[in-house]
Amino acid sequence: MQSNATLEYDYSIVKLFMWTTVIFGIVGMTIGVLIASQLAFPELNYLLGEYGTFSRLRPLHTNVVIYGFTLSGIWASFYYTAQRVLKVSLSESGLLKALSKLHFILYIVIATFMVISLALGITASKEYAQMEWPLDVLVVLTWVIYGINMFGLIGLRREKTLYISMWYYIAFFLGVAMLYLFNNMEVPTAFFSGGLGAWYHSVSMYAGTNDALVQWWWGHNAVAFVFTVPIIALIYYYLPKESGQAVYSYKLSLLSFWGLMFVYLWAGGHHLLWSTVPDWMQTMGSVFSVVLILPSWGSAINMLLTMKGEWNQLTENPLIKFMVLASTFYMLSTLEGPIQAVKSVNAIAHFTDWIPGHVHDGVLGWVAFMVFAALMHMAPRVFKREIYSKSLLEAQFWIQTIGVVLYFTSMWIAGITQGMMWRAVDEYGNLVYSFIDTVSVLHPYYTIRAIGGLLYLIGVFMFAYNFYKTATAGRRLEQEPRYRSPMA
Amino acid sequence: MFHWLEKNPFFFAVGVFIVIAYAGLIEILPNFAEASRPVKGLKPYTVLELAGKEVYKKDNCIACHSQLIRPFKAETDRYGQYSLSGEYAYDRPFLWGSKRTGPDLHRVGNYRTPDWHANHMWDPKSVVPDSIMPAYKHEFTNAADLETAYAEAVTVKTVFNTPYGDEIKPGKEAFEKYKKEKLLPEALKIAKAMKRDDLVKMVESGKVPEVVALVAYLERLK
C-alpha cells in the first residue's frame, strides 16, 4: 500500500468506460425486457414499426449487452486493475495514454454504428458476430490497440510477477483475437462484382456445416473469452481486495487457469449435437464440456474459500454479497452447461427456452453481478468519494436476485415442457401436439420471465442512480480506502 | 515453470496461445474438404432466392426459426427427412439458428404454399390463430435489394466456383439484363402464386417486394 501513495494512477479512461457500462447496461437490458415481454404479449411487436419486431431487436439486445455493457465493464476494470497490479501509471507513457483514448473513441464509434446497422437489419447473421465487414475491420483495429496498451503496460511494469488477473486478461486478448478473426472471414461482394450492390455486404468464407463449425467454435468461445475469462480476472482482483483476504490457493488458480485454457475450446461442438457435423466432433464437444466443470469449479471454489473465516462480511458488505453470489451462479451455470451438453439431454434441451435460461443465469447472476461489484469497488477509489447508498445496493441485490431466480426457473420449466411436447407420441406412435400447442403452453412462463427481467432492470436503474450519485454527490474521501469500500 | 512464465509475459502469452489454438486445428480443419461437398443435384440459389435469403437475414428469422432437422423420429415426422450436410453446401452463412420459438423451416417448401405465406406474413393469426409471431407488413412494400443479391451470386461464382451459368457476371449491364430476362419473370410467377394484386403490380413496375423474394427462398427450402 505504501508504494501506491507515491504512484498516482490515471483513471481518466477508467471513468469513461465506467459510464458507458452504465449506459449500455440500461439500453441493452431495457431492450431485453421489451423482447421478453413480446413473447408473452405479441402486440408489443408493433411499437416501433419495422424496427420494433422481436426478431430485429434480439441481436440488438445481445450485442449491446455483450459488447456494450460487459466489454465496457471489462475494460474499465482492465485499465484500473492493470495499473495497480503492474505498479505502473498510464500517465507515465504519453503514447499509451493517447492510445487508451483512441481505444475508447473507436469503441464508441463501433458501438454507435453497430446499433444503427443492426436496427436497419444490416447483418452478417452469425450469432454474436452480426457486424458486417467494415465494422469488423474497426473491431480488429481496436483490439490491436487494446493489445498494445496491455503489453505496453506490462512492458513498463515495476512488479515483475504477473498477478492472476493479468493471466486472464492476456488470455482474453489472445482468445478473442484468434476466434474473431477466423469467424469473421468474409468476402465483400462489391469487390468482385464490379461495384454492384451495397458496399458493406459480404458473404462468409465458409459454407454450411463448416460455417456452423467455425461459428460455434466462436459462439461458444465468445462465452468463454468474454463472459468467463475476463470476469474471472475481475473476481480474482476485487474479491480479495474488497474482503482484505488473500486468494485461498495459488495451486488451485494455476490448475483452473491452465485447465480452462486447455479445455474450453474443445467444448464448442456441444452447440452442434445431433447436427450434420461429424459424430466424433459432437462426442468431443460433449466429453470436454463435462471435463470443463473441473477448471470452472476450481476458480469458483478458490474464490469462495478466499472468504474462509470471514463469512461475517457477507452480511455486512453488499459488494461481498454480489461477488459471493456471482461465484455461486458461476458454479450453477457451469454445472448446468455440461448437463445440457450430454447428448440425450441435449436432444430435449436444444432449440428450447432452457438455453436462454442457462445463458441468463450465467450472465445475470455471474457476469453482471461481478460488473456491478467491480464498478462499485472502483467508484470510491476513482472518484474519491464514498458510495452514495448502502441500502440502495442491498435492495438492488435482493431485487435482482429474485429477478434472476424467476428468470431461470421459468425458462427451465418452459424448455423442458416444450422439449417433451415436441417428442410426445400417442399409443400409435403419432405426434400428440401440433407445434402451436407447444407455443401456447409457454405463455405463463414467458410472463414470469418478463417479470423477472423487469425486476432485474429495476435493479439496474437503482444501480445507475447510486453510481451517478456516488460520482457526483458522495461524501469526499481524504484517503483511499484500503479494503472494504466505504458506503453511506 | 509456471513461476518463470508469470515473470516472462511473452512466453506466457505464447504458451496460452498454443494451449487454446491447437484444439481448433485438430477439431475443425480435418473436416473442411469433406463437409463442403454438395449433395447430388443441388443447385445454387437463384438471385431471387438469394435476395430472399437476405430478407430472411434482415428481418432475422433465425431468432425464432431453425433450419436443421435432427435425426429423431419426432422431428422427421413433423418436418420431413433429417438434414444432410451436403444440402447446405451453398449456404453462406449457414442459417441453422439456435432456437425454435417457431417451427423448423428446413423443408417448409414441401408443406406450405406461396399464398399461405402471403397470408401468414401479412397477419400470422389469420392462418395460425394462436401465433405469437409478429406480422411483417413492411415486407409487402419495401423493395428487395436485387443488385446486392446479384453481386453475391457473382462473388460466390468467382471466389468459390459456385456453379452459376454464364449469365452471372460482373457489371451493371449484365445485372440489368439478368434482371429483365430472369429475375422479374421468376418474381412475377411467385407474386401471382401469392394471389395478391399489389405484389403483382409492384413486380410489373420493375420492383420486387421483399416478401416475394422471401417466399421464393422459402419455397426453395425442401
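In case you missed it, the structure is sitting above this.
In this text the structure is predicted, and so the values were computed from the model without any measurement. (Residues numbered from 1 in each chain as written. Chains lettered and ligands numbered in written order. Predicted model: local features only at pLDDT ≥ 70, side-chain atom pairs only at ≥ 80, totals over all residues.)

Chemist: I'd like a description of the overall build of chain B, backed by residues and values.
Modeler: When its secondary structure is counted, chain B shows 10 helices and zero strands. Along its sequence from the N terminus, chain B presents helices and strands in the succession α-α-α-α-α-α-α-α-α-α. The C-alpha radius of gyration computed for chain B amounts to 22 Å, which surpasses the reference 17 Å derived for 222 residues by more than 25%, pointing to a less compact arrangement than a globule. Summarising its shape, the C-alpha atoms of chain B cover approximately 75 × 50 × 35 Å along the three principal directions. Per-residue burial over chain B gives 47% buried out of 222 residues. For chain B, long-range pairs separated by at least 24 residues make up 72% of all intrachain contacts whose partners lie at least 6 apart in sequence. (Helix = DSSP H or I, 4+ residues; strand = E, 2+ residues; numbered from the N terminus. Rg over C-alpha atoms; globule rule 2.2 N^0.38 Å. Buried ≥ 20, exposed ≤ 12 C-beta atoms within 10 Å, placed from the backbone. Contact = placed C-beta atoms within 7 Å.)

Chemist: Outline the interface of chain A and chain B, supporting the account with residue identities and numerical values.
Modeler: Every contact between the two is made by 71 residues of chain A and, on the other side, 73 residues of chain B. Within the side of chain A that touches chain B, the residues separate by chemical class into 41 nonpolar, 22 polar and eight charged. (Nonpolar A, V, L, I, M, F, W, Y, C, P; charged D, E, K, R; others polar.)

Chemist: Provide a residue-level description of the nonpolar core, including the pertinent values.
Modeler: Residues Ile235(A), Met323(A), Ala326(A), Met370(A), Ala373(A) and Val212(B) are the most contacted members of the largest nonpolar core, which totals 216 residues. With 22 residues, helix α8 (residues 208-243) of chain A is the single largest residue contributor to this core. Both domains that furnish three or more residues to this core are identified here as domain 1 (2-35) and domain 2 (47-220) of chain B. Apart from residues no more than four positions distant in its own chain, Ala373(A) is found in contact with Tyr238(A), Leu319(A), Phe322(A), Met323(A) and Ala326(A). (Core = buried A, V, L, I, M, F, W, Y, C linked by C-beta atoms within 7 Å. Domains from an automatic or database assignment.)

Chemist: I'd love a proper account of unusual backbone geometry, names of residues and values included.
Modeler: In this structure, Pro93(B) follows Arg92(B) across a cis peptide bond, with omega equal to 0 degrees. Along the chain, the position of Pro93(B) falls in the loop between α5 (73-79) and α6 (114-122). If you check the backbone angles, Tyr128(A) has positive phi at about 65 degrees while not being a glycine. Residue classification places Tyr128(A) among the partly exposed residues on the basis of 18 C-beta atoms within 10 Å. Positive phi, normally seen in glycine, also occurs at Lys384(A), with a value near 55 degrees. Looking at the secondary structure, you find Lys384(A) in the loop between α15 (354-383) and α16 (390-423).

Chemist: Tell me about α8(A), residues and numbers included.
Modeler: Residue and element names in this part refer to chain A. For α8, spanning 36 residues, the distance from its first C-alpha to its last is 50 Å, which sits close to the expected 52 Å at 1.5 Å a residue. The axis of α8 is deflected most strongly, by about 30 degrees, at Asn221. A large share of α8 lies buried, amounting to 35 of its 36 residues. Count one or two residues on from α8 and you reach Gly244, which has phi positive near 75 degrees. (Expected span 1.5 Å × (residues − 1). Bend = angle between axes of the 7 residues up to and from the residue.)

Chemist: Please set out the packing of helix α2 (residues 12-40) of chain A against helix α18 (residues 443-473) of chain A residue by residue, giving values where relevant.
Modeler: Residue and element names in this part refer to chain A. Following both chains from N to C, one finds α2 and α18 inclined at 165 degrees, their axes separated by 8 Å at the closest point. Classed by the angle they form, the pair α2 and α18 counts as roughly antiparallel. With respect to the hand of their crossing, α2 and α18 are arranged in left-handed fashion. Here the contact of α2 with α18 is composed, by residue class, of 16 nonpolar, seven polar and one charged. (Axes fitted to C-alpha atoms, helices over the stretch in contact; angles between N-to-C directions. Parallel < 35°, antiparallel > 145°, perpendicular 65-115°, else oblique. Left-handed = near helix turned anticlockwise from the far one by under 90°.)

Chemist: I'd like to hear about the environment of Glu310(A), residue by residue, with values.
Modeler: Residues and elements named next belong to chain A. Structurally, Glu310 is set in the loop between α11 (293-306) and α12 (312-316). Classification of Glu310 by C-beta neighbours within 10 Å gives partly exposed; the count is 14. Taking the C-alpha atoms as reference points, Glu310 and Ser243, separated by 67 residues in sequence, lie 8.0 Å from one another. In this view, Glu310 contacts Ser243 and Gln245; residues no more than four positions away in its chain are not counted.

Chemist: Help me get a handle on α15(A), residues and values and all.
Modeler: Residues and elements named next belong to chain A. Spanning 30 residues, α15 covers 41 Å between terminal C-alpha atoms, matching the ideal 44 Å at 1.5 Å per step. The buried count for α15 comes to 24 of 30 residues, which makes it a mostly enclosed element. Of the residues one or two after α15, Lys384 is the one with positive phi, at around 55 degrees.

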